[in-house]
Amino acid sequence: MKDSTSQLLPSPEVTPFQFGCLAEVMEFAYSHIVYNSQNIPSPNPRNRDHEQRHDRPASIPDLVENQTYSSTSFRPLPIQASHGLHQYDNRFLQSRGDENNCVYATVPKSSHGNRAKHPTLPARSKRSTPIDEEDNQAPPLPPRLNSFSTRQLSATLPCSLNEPPLVPPPRPKRNFPAPKNSGSHPSKKANVNVVSVNLGKLVDISNVQSQTVKAIYCQRCSAALSSISRIHQKYADIIWPCEFCNKHNVVTRSFSTIPNSQDVMYLSGFVNEDYVNVDDSLVVFCIDVSGSMCATNEIEVADDVSRTVHISRLQSVQEAILKSLSLMTQTCPQKRVALVTFNDEVTVYGDGLSEPTRLRDYQLLDSDYLKERGREFPAPRCIAESLHALNYRVHEMREQGATALGPAALISVSIASKKPGSKVIICTDGRANTGLGYLESVEEDIYECSRQFYTDVGEQATLSGVIVSVLTIEGTDCRLAELGKLADQTGGRVNIVDPTNLPKEIQATLEDDVIATNATVTFVVPEQMYFGYEEETGNKYVKRIGNVTKDTELTFEFGIKECHIEAVQAIEKLPFQLQVSFTTQDNRQACRVISQEKHITNNSSLVEDNVNITVLGIHAAQLSGRLTMEGKVKEARREMEAQKELIQKIVEKKQNQKEEDIYQNWLCSVAVVCEDLTNTQQVDNIAQGKNETENSDSVFKVLSDEVANMVYRLKNAKSKMLKKPVSKPKPTLVPML
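Keep in mind that this is a model prediction, so the values were computed, not measured.

1. Regarding the overall build of the protein
- When its secondary structure is counted, the protein shows 19 helices and 23 strands.
- Counting every position in the protein, which comprises 737 residues, the buried fraction comes to 47%.
- For the protein, contacts bridging at least 24 residues in sequence account for 78% of all contacts bridging at least 6.
- On the protein, roughly 38,600 Å² of surface is accessible, and the fraction owed to carbon and sulfur atoms is 49%.

The following block contains the structure:
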């Protein structure tokens, strides 16, 4: 009979990363997990020694216990210090072994034996003071020789000090200046426990070795078995105590299927041999041709004679679309393009080769009918075949009528859903004022129905792998706060565009190709940790992303629960795991699992020397934008101020040109935007007297397009915004005298 005792087996050897540098796909703001000890003694001896070395004031050595002193060995204080002498004895006692470091009178051992033994001094407490609190506490009072009698003190002190000892005055209360802009809330400290995930690189499966078997997941917390897992064998089974929730899982597979790398890609399904990586996705232009599009703008024409012409908004849109069609014909002739226009009716031209379909009146109020008509509409032909027909349809567009934006957006998404990875580009200059998605009314019931309509359209687009981008004309009010949710949900762009820059903006939108769909991010941490600003109560953070482009980036923060800080200090490392599941372009299901272990520390000076300010800056932008969307404007302001203070302190301390450039880019592209946002009169009026648990509806309902655009820009901030070269001023030539 075999022994039932579990046999410990060697853990799989970790091999070098198979997928390149992990820092390119997942970046922590700091290499360690930072916690605030809050004067909690560490149960780990190694951590205790570390705290005592770094946190104890270096100028005050420890007292030596159980020393015997002679009553004749006291020396008077220096004469130059006598004018500042206290009325009570404040001399410091120290053994001769530390005489070189002593800044007060020393007390050597008695050379006459132990004739006059006196009670020993109480041992000084060795409790350390955190570095962050040293500047906020008054210096401790030195020990007093309370056990000495008056006669003994008289025999040891000089004549000028033979007065009876007086009771020391009470310790004065220190008044610290109030922090700036504190208001009713205390100043907030920035959290450096932040991780950035570059989804665009994570979902790239080109030239990647993958596992054909399925991942093994914990039955409690859904963490995946990885190379950092500790496993052992019991009989024929493998026992895996989960490193995140301590659940004992029974694994019946052989050791050959257990990952031996921290980065593993799992792919399911068979490769379609007939699959050809040809981008034949759809591009649907959804164009506003209502009466307001006839408004003109002055544009300077650079020709032989500089002159100014007036061009309508629709003419600017027509010119931008024609340029995009011409460019697509040259670069990707296999793409399929459809055209949809809307005023008081919706006209579907498709590829322009057939008669258009017009929808009006009651048809614009039936979402099911619009979805069905969009799905039944024939797929457009490639741009190489339909270019001339589309050019003709674009030239024939005329502005008139109202704005049925909602129904046009819904049917455009339905047409684009035929092919995952397709795009819908909405260009408008006014509010939806007819049909579904009506945004003119301020009544609560109508507003709630319209808001839910755009949320549902965005959900449909996300499930179908369609990106929706919203471009509005500068100087108009389109209720971008609600309309922009279409783009925010699907990974598209939201922007207010100058009519002269429309061609450039549309081209940038066309370059945002979808490289993965149905993406979901799961981040697993130990049970002693939490996620900041998340409703998750467990140790698992799950976020549905949907469409992924090459620049899609996600950040979030975490920390150690206060009730577990003392226990966590006894642990050398903490495990982390990132799981990204998605659908590839060839319609295969994939999951990438990255597992790491991080050391913990509470040394703030080390953090400031090694923190990644790019990760902190992008997280501050995304978090501030998200909090503002949720109606927590004051909290967004405090978060940005805290991160700005920390980043500025780090840059000034390190004196690194590269990080100074990153900081300048962050100030220009992120911090200034957030400052403008939080200082906007609209936001201030909303924030006054409102609690921070208020939902986003009451905030976004009154925001202008400019303010809403700022919010979306912050929420979708990316690292490349901070890594662009800083434009330096040209040197000025000083004329020689």
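2. Side note on the packing of aromatic side chains
- Tallying each qualifying case throughout the model produces 12 aromatic pairs.
- Taking 5.5 Å as the distance between ring centres and 70° as the angle between the ring planes, the aromatic pair formed by F28 and F576 counts as edge-to-face. Highlighted residues: F28 in strand β2 (residues 26-28) and F576 in strand β22 (residues 573-583), separated in sequence by 548 residues. Here F28 matches F576 in class, with each residue buried.
- On the numbers, 5.0 Å between centres and 50° between planes, the contact of Y541 with F556 is tilted. Here F556 lies in strand β21 (residues 553-560) and Y541 lies in strand β20 (residues 540-548), a separation of 15 residues in the sequence.
- For Y541, a relative accessible area of 4% puts it in the buried group.
- Judged by its relative accessible area of 2%, F556 falls in the buried class.
- Every member of this aromatic cluster is reached through a ring pair, and the members are F28, F523, F531, Y541, F556, F558 and F576.

3. Topic: the sheet that holds strand β4 (residues 194-198)
- The strand order across the open sheet formed by 4 strands is β2-β4-β21-β19, and the pairing between neighbours is antiparallel. In the strand order of this sheet, the two ends are held by β2 and β19 (529-531), each with one partner. For this sheet, the mean angle separating the axes of adjacent strands, direction not counted, is 25°.
- Across 3 bridges, β19 lies against β21 in antiparallel orientation. Along β21, the bridge assignment pairs Y530 with G559.
- The sheet strands contacting helix α14 (residues 613-629) are β2, β4 and β21, and the helix crosses β21 at an angle near 95°.

4. What about the packing of helix α4 (residues 313-331) against helix α11 (residues 502-510)?
- The geometry of α4 relative to α11 is characterised by a closest axis approach of 8 Å and an angle of 45° between their N-to-C directions. Comparing their axes, α11 and α4 come out oblique. The two elements α4 and α11 meet at a crossing, and its hand is right-handed. Where α4 approaches α11, its residues S316, V317, A320, K323, S324, L327 and M328 are matched on the opposing element by L502, P503, I506, Q507 and L510.
- Split into classes, the residues belonging to the contact of α4 with α11 amount to 8 nonpolar, 3 polar and 1 charged.

5. Observations concerning the environment of Q489
- Note on placement: Q489 falls in helix α10 (residues 485-490).
- What makes Q489 partly exposed here is its relative accessible area of 22%.
- Residues Q489 and I545, 56 residues apart in the sequence, show an inter-C-alpha distance of 8.1 Å.
- Q489 has contacts with Y454, T455, G458, E459, T462 and I545, leaving out every residue within four places of it along the chain.

6. Thoughts on the side chain of K598
- Tracing the chain through its elements places K598 in strand β23 (residues 589-601).
- Within the buried core, K598 has no salt-bridge partner, and the shortest N-O distance to an opposite charge, that of E27, equals 10 Å.

7. Focus: unusual backbone geometry
- Phi is positive for R479, which is not a glycine, with a value near 55°.
- Secondary-structure assignment places R479 in the loop between β16 (467-473) and α9 (480-483).
- A relative accessible area of 5% places R479 in the buried class.

8. Points about the confidence of the model for the protein
- In the predicted model, the protein carries a mean pLDDT of 75, and 67% of its residues have values of at least 70.
- Counted against residues more than four places away or in other chains, residues 38-135, with its pLDDT under 50, gives 123 contacts.
- In this model, residues 729-737 is a region of pLDDT below 50 whose contacts with residues beyond four sequence positions or in other chains number 0 contacts.

9. A few points about the sheet that holds strand β13 (residues 346-350)
- An order of β14-β13-β12-β9-β15-β16-β17 is seen for the 7 strands of this open sheet, with the pairing classed as mixed. Strand pairing shows two members of the sheet lacking a second neighbour, β14 (357-359) and β17 (494-497), which therefore form its edges. Along the sheet, successive strands turn relative to each other by an average axial angle of 20°, direction set aside.

10. Here we look at the nonpolar core
- V340, V346, V424, Y454, V468 and L486 are the most contacted members of the largest nonpolar core, which has 44 residues in total.
- Setting aside residues no more than four positions away along its own chain, V346 makes contact with V340, T341, T357, R358, L359, L364, A404, P407, A408 and I411.

11. Digging into the environment of D586
- Of note, D586 is situated in the loop between β22 and β23.
- A polar side-chain atom of D586 sits 2.3 Å from a polar atom in the side chain of T584.

12. Considering the packing of helix α5 (residues 367-376) against helix α7 (residues 405-416)
- Direction vectors running N to C along α5 and α7 enclose 40°, while the axes themselves pass 7 Å from each other. In terms of orientation, α5 lies oblique with respect to α7. Regarding α5 and α7, the two cross each other, and that crossing is right-handed. Across the interface between the two elements, S367, L370, K371, R373, G374 and R375 from α5 touch P407, L410, I411, S414 and I415 from α7.
- Classifying every residue of the contact of α5 with α7 gives 5 nonpolar, 3 polar and 3 charged.

Reading the values: rules and limits
- Residues numbered from 1 in each chain as written.
- Predicted model: local features only at pLDDT ≥ 70, side-chain atom pairs only at ≥ 80, totals over all residues.
- Heavy atoms only, no water.
- Helix = DSSP H or I, 4+ residues; strand = E, 2+ residues; numbered from the N terminus.
- Buried < 20%, exposed > 50% of the residue type's maximum accessible area, 1.4 Å probe, protein only.
- Contact = heavy atoms within 4.5 Å.
- Areas by Shrake-Rupley, 256 points an atom, 1.4 Å probe, with all protein chains shown as cover.
- Phe/Tyr/Trp six-rings, centres within 6.5 Å; stacked < 30°, edge-to-face > 60°.
- Pairing = 2+ DSSP bridges.
- Axes fitted to C-alpha atoms, helices over the stretch in contact; angles between N-to-C directions.
- Parallel < 35°, antiparallel > 145°, perpendicular 65-115°, else oblique.
- Left-handed = near helix turned anticlockwise from the far one by under 90°.
- Nonpolar A, V, L, I, M, F, W, Y, C, P; charged D, E, K, R; others polar.
- Lys, Arg positive; Asp, Glu negative; His and termini not counted.
- Salt bridge = Lys/Arg side-chain N within 4 Å of Asp/Glu carboxyl O.
- pLDDT = per-residue confidence, 0-100.
- Core = buried A, V, L, I, M, F, W, Y, C linked by side-chain atoms within 4.5 Å.
- Polar contact = N/O pair within 3.5 Å; in protein donor to acceptor, adjacent residues only side chain to side chain.

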